[in-house]
Amino acid sequence: MPYEKDFCASCNRLRVSAIGNLHLCLFGDGGVPLRDLLASDAQQDELQARIAYSLGQKKQTHFLHQGNTGITQNLSFIGG
Ligand code: SF4
């Protein structure tokens, strides 16, 4: 259950929405725009760098216990 301690400890979940935003957590806010780097293979290095940097920002847990459900009202938007 998502409220269990350590539920997120081994999380490797990432989603990319239909509009090209990278979501680091199903209960996160916003998203990292990737769309501008998806148009050309020549941008692959920059795309990888942005994703790698973003992964460094991924929180180690959700914030449901603090009442923050992020974008869950719109999970269907990111395929969740
Ligand atoms: S709540 Fe977020 S960090 Fe936790 S397992 Fe789900 S996607 Fe991963």
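Residues numbered from 1 in each chain as written. Predicted model: local features only at pLDDT ≥ 70, side-chain atom pairs only at ≥ 80, totals over all residues. Heavy atoms only, no water.

Talk me through the overall build of the protein chain; I want residue IDs and the actual numbers.
Counting its regular elements, the protein chain contains one helix and three strands. The order of helices and strands in the protein chain, counted from the N terminus, is β-β-β-α. By the burial criterion, 24% of the 80 residues in the protein chain qualify as buried. The contacts in the protein chain between residues at least 6 apart in sequence include a share of 49% that link residues at least 24 apart. (Helix = DSSP H or I, 4+ residues; strand = E, 2+ residues; numbered from the N terminus. Buried < 20%, exposed > 50% of the residue type's maximum accessible area, 1.4 Å probe, protein only. Contact = heavy atoms within 4.5 Å.)

Explain the environment of Leu 26 to me, using residue names and the numbers behind them.
Mapped onto the fold, Leu 26 is located in the loop between β2 (21–23) and β3 (32–33). Residue class for Leu 26 comes out partly exposed when judged on its relative accessible area of 22%. C-alpha separation for the pair Leu 26 and His 62, spaced 36 residues apart in sequence, amounts to 8.4 Å.

An account of the side chain of Ser 54 is requested, with residue identities and associated values reported.
Tracing the sequence through the fold places Ser 54 in helix α1 (residues 44–57). When residues no more than four places from it in sequence are discounted, the contact partners of Ser 54 are Leu 22, Leu 24 and Val 32.

So, the sheet that holds β3: which residues are in play, and what are the values?
Read from one edge to the other, the open sheet built from three strands follows the order β1-β2-β3, with strand pairing classed as antiparallel. The sheet is open, and its two edges are formed by β1 (15–16) and β3, each paired on a single side. Strand direction decides the pairing type here: β1 and β2, joined by two bridges, are antiparallel. Across the sheet, residue Arg 15 finds its bridge partner in β2, namely His 23. (Pairing = 2+ DSSP bridges.)

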